Amino acid sequence: MLILKPKQQQLTWVMFLLLGLGYFSAMSHLEINYFLKSLIVIMPMQVVAIIYVTYLRWSRQPLRGSQKSKVNLKSKI
């Protein structure tokens, strides 16, 4: 995992804050249906949540094929 210094970490948070404010400001000025606008605004957060959960699943569980090969080797011995 990437380790950032405190100054770099603060700069990263400020950058994300400005990016988020710009995104929501642009979305608030769109002239589209309110329901569609609400779906479009929430979409980036949903995508980030899916990527985060998928990353956690892949980083914590070993591959299924590697477990089977270990079991087969033990049973043959």
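Predicted model, so just to flag it, every value in this text is computed and none were measured.

Visitor: Explain the overall build of the protein to me, please; I cannot follow it from the model alone.
Guide: Within the protein, the secondary structure is distributed over 3 helices and 0 strands. Beginning at the N terminus, the succession of helices and strands in the protein can be written as α-α-α. Counting all 77 residues of the protein, 4% fall into the buried class. Of the roughly 7900 Å² of accessible surface on the protein, a fraction of 70% belongs to carbon and sulfur atoms.

Visitor: I'm lost on a nonpolar patch on the surface in this one. Help?
Guide: The grouping of Leu30, Ile32, Phe35, Leu36 and Leu39 at the surface amounts to a nonpolar patch, some 440 Å² of accessible area in total. With respect to the secondary-structure elements, Leu36 resides in helix α2 (residues 34-60). Look at Leu36 and you get partly exposed, because its relative accessible area is 43%.

Visitor: What should I look at first to understand the packing of aromatic side chains in this one?
Guide: For any pair of aromatic rings, geometry is given as the distance between the ring centres together with the angle between the planes. With the rule as written, the count across this model stands at 1 aromatic pair. Pairing Tyr23 with Phe24 gives two aromatic rings, centres 5.4 Å apart and planes at 75°, and the pair type is edge-to-face. Tyr23 gets classed as partly exposed once you look at its relative accessible area, which sits at 27%. Judged by its relative accessible area of 39%, Phe24 is partly exposed.

Rules of the game
Residues numbered from 1 in each chain as written. Predicted model: local features only at pLDDT ≥ 70, side-chain atom pairs only at ≥ 80, totals over all residues. Heavy atoms only, no water. Helix = DSSP H or I, 4+ residues; strand = E, 2+ residues; numbered from the N terminus. Buried < 20%, exposed > 50% of the residue type's maximum accessible area, 1.4 Å probe, protein only. Areas by Shrake-Rupley, 256 points an atom, 1.4 Å probe, with all protein chains shown as cover. Patch = residues over 30% accessible without salt bridge, like charges linked within 9 Å, V, L, I, M, F, W, Y side chains within 5 Å. Salt bridge = Lys/Arg side-chain N within 4 Å of Asp/Glu carboxyl O. Phe/Tyr/Trp six-rings, centres within 6.5 Å; stacked < 30°, edge-to-face > 60°.

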